[in-house]
Amino acid sequence: MIQLNNVFNNENMKVIASAGQYFVYEHQADLSVTPFSAQSAYFMHQMNVKRRQLLIQLNNSSCKTQAGAMQWIAGNVNVSSGVKGVGNFIGKMVKGAMTGESAVKPEYSGMGYVMLEPTFKHLLIEDVGSWGPGMVLDDGLFLACDTTLQETLNKRSNISSAVLGGEGLFNLCLQGQGFAVLESPVPRAELFEFILQDDILRIDGNMAIAWSSSLQFTVETVTGNAIGSAATGEGFVNVFRGTGKVLMAPTTDGTGMSLLNGPESTPTSSRGLAGSIAGSILNA
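Residues numbered from 1 in each chain as written. Predicted model: local features only at pLDDT ≥ 70, side-chain atom pairs only at ≥ 80, totals over all residues. Heavy atoms only, no water.

## Re the nonpolar core
Counting residues in each nonpolar core, the largest one holds 19 residues, and the members touching the most others are M135, L137, L174, A180, L191, I209 and A210. Among the secondary structure elements, those contributing two or more residues to this core are β7 (135-137), β8 (142-146), β10 (170-175), β11 (179-184) and β13 (208-212). Excluding anything up to four places from it in sequence, I209 contacts L124, V136, L137, D138, L141, S184, L191, L247 and A249. Ranked by size, the runner-up nonpolar core spans 16 residues in total, among them A69, V77, L116 and L143. (Core = buried A, V, L, I, M, F, W, Y, C linked by side-chain atoms within 4.5 Å. Buried < 20%, exposed > 50% of the residue type's maximum accessible area, 1.4 Å probe, protein only. Helix = DSSP H or I, 4+ residues; strand = E, 2+ residues; numbered from the N terminus. Contact = heavy atoms within 4.5 Å.)

Structure (structure tokens):
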């Protein structure tokens, strides 16, 4: 039997979200600062830059996590690599290389607790079953999930959609009934959620962090032709068609202050039509 003190009754750690066997703890302040880091820690706290940790409470259940994410384990918890033979290991290596996730995701099962390492990213708990046939993740978002979920590869409809859309050719897709935890660059309050019913969503840039696998993803000019796009000052956009859901981070790192995602300046006469078209394509 293990008694945990200063964990559940720690005033500096607050549960800000929970679902299933997952609990997101947020450190309200960084108490271990030095005289040299105090100023930075103060302003980080003021701007909601806080450490967050995922606690998984196993009750004769199991989960899998990103490799190297575990901080401590308490209780009768078994750990396995999740690898079932050489062929399975090679398949996981290939899948990991294509999606940017860890090739092997350790699995934990039994009765007890698993606490993951602190992160400054925002932790989102998603009910995968509510995403329809599957939930496609942007690279590097996966942190943990129930072992009842299946991992598959979601392939772009064509290579140009991957290259021009700023996404990889393959993405990790979670399918089935259960919960998954994602590491998001922005908090839940900033995420835009689009629910499509036989409709179209166009996004300028790779700011969609997750979308239903039922949606068709393509990359197109915003007006349907290069001349029209040059005239509007817009280039290529990511297009999602069909029925499903999309989560978009409007202030993702690298886009919030990027001039490439801001309004285009009006083309001058010396630039010419050809220059306008070329600039529209290069700035997409």
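## Side note on the side chain of R52
By the secondary structure assignment, R52 is in strand β3 (residues 52-65). Side-chain polar atoms of R52 contact the backbone oxygen of N48, separated by 3.1 Å. A distance of 2.9 Å separates a polar side-chain atom of R52 from the backbone oxygen of K50. If we skip the residues at most four places from it in the chain, R52 touches I16, Y25, E26, E117, P118, T119, F120, K121, H122 and L123. (Polar contact = N/O pair within 3.5 Å; in protein donor to acceptor, adjacent residues only side chain to side chain.)

## Side note on the packing of aromatic side chains
Two numbers describe a pair of aromatic rings. These are the distance of the centres and the angle of the planes. All chains considered together, the criterion is met by 6 aromatic pairs. Centre to centre, the rings of Y42 and F43 are 5.2 Å apart; their planes meet at 80 degrees, and the pair counts as edge-to-face. Under the relative-accessibility criterion, Y42 is labelled partly exposed at 47%. Lying over the aromatic face of F142, K105 brings its terminal NZ or CZ to 5.1 Å of the ring centre. Here the guanidinium or amino end of K245 rests over the ring plane of W131, the centre of that ring lying 4.5 Å away. (Phe/Tyr/Trp six-rings, centres within 6.5 Å; stacked < 30°, edge-to-face > 60°. Lys NZ or Arg CZ within 6 Å of the ring centre and 35° of its normal.)

## Quick look at the pattern of salt bridges
Pairs can form between side chains of opposite charge once their charged atoms are near each other. In this structure the tally under the stated criterion is 7 salt bridges. Salt-bridge contacts for R188 lead to E126; the nearest nitrogen and oxygen are separated by 2.2 Å. Within this pair, whereas R188 is found in the loop between β11 and β12 (192-203), its partner E126 is found in strand β6 (residues 122-127), the two being separated by 62 residues in sequence. What makes R188 partly exposed here is its relative accessible area of 38%. Taken together, the shared-partner salt bridges connect E26, K50 and R52 into one network. (Salt bridge = Lys/Arg side-chain N within 4 Å of Asp/Glu carboxyl O.)

It is worth stressing that arrangement in space is one thing and function is another; only the former is reported here.
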